[in-house]
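Structural description and commentary
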Amino acid sequence: MKQLECSLTSQRAFRQEVFWRFVQKQVTWLAGELIHKLLDAALRDHLKAGWNKRTAERRGHRNGFYRRGLTTPHGKLAVSIPRCRQGGLDTTAIFDRYQRRIADVDRILRHAYLLGTSTRGLSELAEQIYGGCISHQTISQLMRWMDAELRSWRNRPLEPIYPIIYIDGMYVNIEGDRRVVMLVAGERHDGTLEILDFRISKSEYCADMLEDLRQRGLGDVKIFVSDDSRAIRHALEEVYPLVPWQSCTFHRLSRLRDNIGPTEYRDLMVKEAARIFRCPSRDAAINAARAWAKKWMHVAPYAVELFMEGLTDSLTFYDMPINLWKKVRTNNRLERLIRTLRTRLDPMGSFQNENAASRAVFGQLLRWHKINLTHNS
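Numbering of residues starts from 1 in every chain and runs along the sequence as written. Where local features are concerned, this predicted model is filtered to residues with pLDDT of at least 70; where side-chain atom pairs are given and counted, the filter is 80 or more; whole-chain, interface and lining totals use all residues. Side-chain descriptors were evaluated using all non-hydrogen atoms of the structure, hydrogens and water having been removed beforehand.

This paragraph deals with the nonpolar core. Within the largest apolar cluster, 59 residues are counted, with the highest numbers of intra-cluster contacts made by L183, F198, W292, F307 and L345. Top contributing element to this core by residue count: helix α14 (residues 354–367), with six residues. Aside from chain neighbours lying at most four places away, what touches L345 is M170, V172, F351, A360, V361 and Q364. As used here, the term nonpolar core means buried Ala, Val, Leu, Ile, Met, Phe, Trp, Tyr and Cys residues forming a set that is joined through side-chain atoms within 4.5 Å. A 1.4 Å probe rolled over the protein chains alone gives each residue an accessible area, and that area as a share of the maximum for its type sets the label: buried under 20%, exposed over 50%, partly exposed in between. Among the nonpolar cores identified, the runner-up in size contains 23 residues, and C206, A207, F224 and A235 belong to it. Counting from the N terminus, the helices are the DSSP runs of H or I reaching at least four residues and the strands are the DSSP runs of E reaching at least two. Contacts are residue-level and defined by heavy atoms, with any inter-residue pair within 4.5 Å sufficient.

Right under this line is the structure:
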């Protein structure tokens, strides 16, 4: 009985496949015929005469035709474009000069790219959907429309409306090598998080990017939040030496967990350390940290010593209004965005160069509305 049901299901699927292939073939043929008729009508209007017609208004003569491949949502068409002996035929009502794909195809491919498809994957997708091969080099060229948008975005002036600035980075692969994508995000007074800039480099040192942001108007910053990267700290001391810096408490606790290692008391030790950052004041937090260190020093002296080193950098948030403590204790807001960004970029594989990686990062941020484009962009 099951074999009979499977057989019937297979037959229905086969009939449906044959039917829709026939429909697609007819639609492709119809689209080609319609383009041919429109071109023929445009030629008659251009020449002011039909085939073998002698009229006083005639402005030229036919000169055969040439073929061009045109990729459309209905498939790849072989279009016969008529020639004229006197002047060229205007075909811009249907497609532009030298155009090989209509705008809808390019728009679909760009959207698929922003969804996280690699250029090679897009080439295969185009072949499956449109029946024509589009090389991954052509896809890369198609995505270069974002270069002008990216330059305009990086040159836009900034208003001093970001009291909290988060800095963090992630890795991307470029031709087998690893690069760091450093991102700077600002939180507006209304709580909206916005990416202000990003740069790709070999290290986390971001002084050039911060200086560029300062010259473009990034001021009135109340606090910077990042992990305890020395490169980021040195960059902040160089560009914004008077602005307080908060060392992310989540990263400090994560490093403590790694330094303790897989022991039976690790969870309890980290849990008690986390309570330090929930104390009602800085003094209470310092007293709680000293008591915690005294309790655990004999058990894990190395981990305790590293945790206490520079602890006051993770207590800067106490200088902010109490309603902001939870926001500035960690840079988790930017971390969550980076995790999502990584899930989109990883399927793209290794990028050919830094420009390609910048387009991919910019495209994803643009898609999530995490960047603000000016009206002139």
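Turning our attention to the side chain of E187. You can see E187 is positioned in strand β4 (residues 177–187). N or O atoms closer than or at 3.5 Å make up a polar contact, with two conditions inside protein: a donor-capable atom paired with an acceptor-capable one, and, for residues adjacent in sequence, both atoms drawn from side chains. Polar side-chain contacts of E187 include one of 3.0 Å to the side chain of K327. For E187, the side chain forms a polar contact with the side chain of R333, separated by 2.5 Å. Once residues lying within four places of it in the same chain are set aside, the contact partners of E187 are I161, Y162, P163, I164, Y166, T192, L193, K327 and R333.

Before going further, it helps to examine the packing of helix α5 (residues 145–154) against α14. Here an angle of 0 to 180 degrees is reported between the N-to-C directions of two axes, which are lines fitted to C-alpha atoms, with helices fitted over the stretch in contact. Their axes nearest at 10 Å, the elements α5 and α14 cross at an angle of 75 degrees. Here α5 lies roughly perpendicular to α14, going by the angle between them. In contact with W145, M146, D147, E149, L150 and W153 of α5, α14 contributes S358, R359, F362, G363 and L366. By the convention adopted, Pro, Cys, Tyr, Trp, Phe, Met, Ile, Leu, Val and Ala count as nonpolar, Lys, Arg, Asp and Glu as charged, and the other residues, Gly among them, as polar. Here the residues of the contact of α5 with α14 sort into six nonpolar, two polar and three charged. Just so you know how the angles are binned, under 35 degrees is roughly parallel, over 145 roughly antiparallel, 65 to 115 roughly perpendicular, and the rest oblique.

What follows concerns the pattern of salt bridges. In what follows, salt bridge is the name for a side-chain nitrogen of Lys or Arg lying within 4 Å of a carboxyl oxygen of Asp or Glu. Evaluated as defined, the whole model comprises 20 salt bridges. With its nearest N and O atoms 2.8 Å apart, the salt bridge here joins D147 to R359. Of this pair, D147 sits in helix α5 while R359 sits in helix α14, placing them 212 residues apart in sequence. For D313, the salt bridge identified is with R233, shortest N-O distance 3.4 Å.

Strand order in the open sheet formed by five strands is β5-β4-β3-β6-β7, and the pairing between neighbours is mixed. Among the strands making up the open sheet, the edge pair consists of β5 (193–201) and β7 (245–247). The average angle at which neighbouring strand axes cross in this sheet is 25 degrees, direction not considered. If DSSP finds at least two bridges between two strands, the strands pair. Here three bridges tie strand β3 (residues 164–174) to strand β6 (residues 223–226), and the two strands are oriented parallel to one another.

This part is about the packing of aromatic side chains. Two rings from Phe, Tyr or Trp (for Trp, the six-membered ring) form a pair when their centres sit within 6.5 Å of each other. Planes less than 30 degrees apart are called stacked, planes more than 60 degrees apart edge-to-face, and all others tilted. One pass over the structure, following the stated rule, counts nine aromatic pairs. Between Y318 and W325, the ring centres sit 4.9 Å apart and the planes meet at 75 degrees, which makes this aromatic pair edge-to-face. Residue classification places W325 among the buried residues on the basis of a relative accessible area of 13%. Any Lys NZ or Arg CZ found within 6 Å of a ring centre and within 35 degrees of that ring's normal is scored as a charge over the ring. When the ring centre of F198 is taken as origin, the NZ or CZ atom of R154, which lies over that ring, is 4.7 Å away.

Turning next to the environment of N355. Relative to the elements of secondary structure, N355 occurs in helix α14. Once the C-alpha coordinates of N355 and D147 are considered, the two residues, 208 residues apart in sequence, prove to be 8.4 Å apart.

Our next topic: the side chain of E272. Considering the arrangement of structural elements, one finds E272 in helix α9 (residues 266–274). Within the structure, E272 has its side chain in polar contact with the side chain of K295 (distance 2.9 Å). Excluding anything up to four places from it in sequence, E272 contacts W292, K295 and W296.

So, on to helix α10 (residues 282–296). Expected span of a helix, by definition, is 1.5 Å for each gap between consecutive residues, and there is one gap fewer than residues. Between the first and last C-alpha of α10 there are 21 Å, a value that for 15 residues agrees with the 21 Å anticipated at 1.5 Å per step. Tucked inside the fold, the buried residues of α10 contact α8 (249–260), α9 and α11 (301–308). Taking the backbone nitrogen of A284 as reference, a side-chain oxygen 3.2 Å away marks S281 as the first, capping residue of α10.

Moving on, we get to the pairing of β5. In terms of residue burial, β5 counts as a mostly covered element, since seven of its nine residues are buried. Bridge count for β4 against β5 is eight bridges, and the pairing is antiparallel. The residue of β5 that forms the bridge with V180 is S201. Taken together, β4 and the strand that follows it, β5, pair antiparallel across an intervening segment of five residues, in which G191 is found at a positive phi of about 95 degrees.

For α8, spanning twelve residues, the distance from its first C-alpha to its last is 17 Å, which sits close to the expected 16 Å at 1.5 Å a residue. Buried-residue contacts for α8 involve β3, β7, α9, α10, α11 and α13 (332–345). The positive-phi residue at the C-terminal boundary of α8 is G261, with phi of around 85 degrees.

A few words now on the packing of α10 against α11. Interaxial distance between α10 and α11 falls to 9 Å at its minimum, and their mutual angle equals 165 degrees. When the axis of α10 is compared with that of α11, the two are roughly antiparallel. Once α10 is placed against α11, the crossing between them reads as left-handed. For the pair formed by α10 and α11, the contact residues are A289, R290, W292, A293 and W296 on the first element and V304, F307 and M308 on the second. Here the residues of the contact of α10 with α11 are counted per class, giving seven nonpolar, no polar and one charged. Helix crossings fall into two classes, left-handed where the near helix is turned counterclockwise from the far one by less than a right angle and right-handed where it is turned clockwise.

Before going further, it helps to spend a moment on the environment of L256. In this fold, L256 is placed in helix α8. Residue classification places L256 among the buried residues on the basis of a relative accessible area of 2%. Residues L256 and Y302, 46 residues apart in the sequence, show an inter-C-alpha distance of 9.7 Å. Apart from residues no more than four positions distant in its own chain, L256 is found in contact with V270, A273, W292, A303 and F307.

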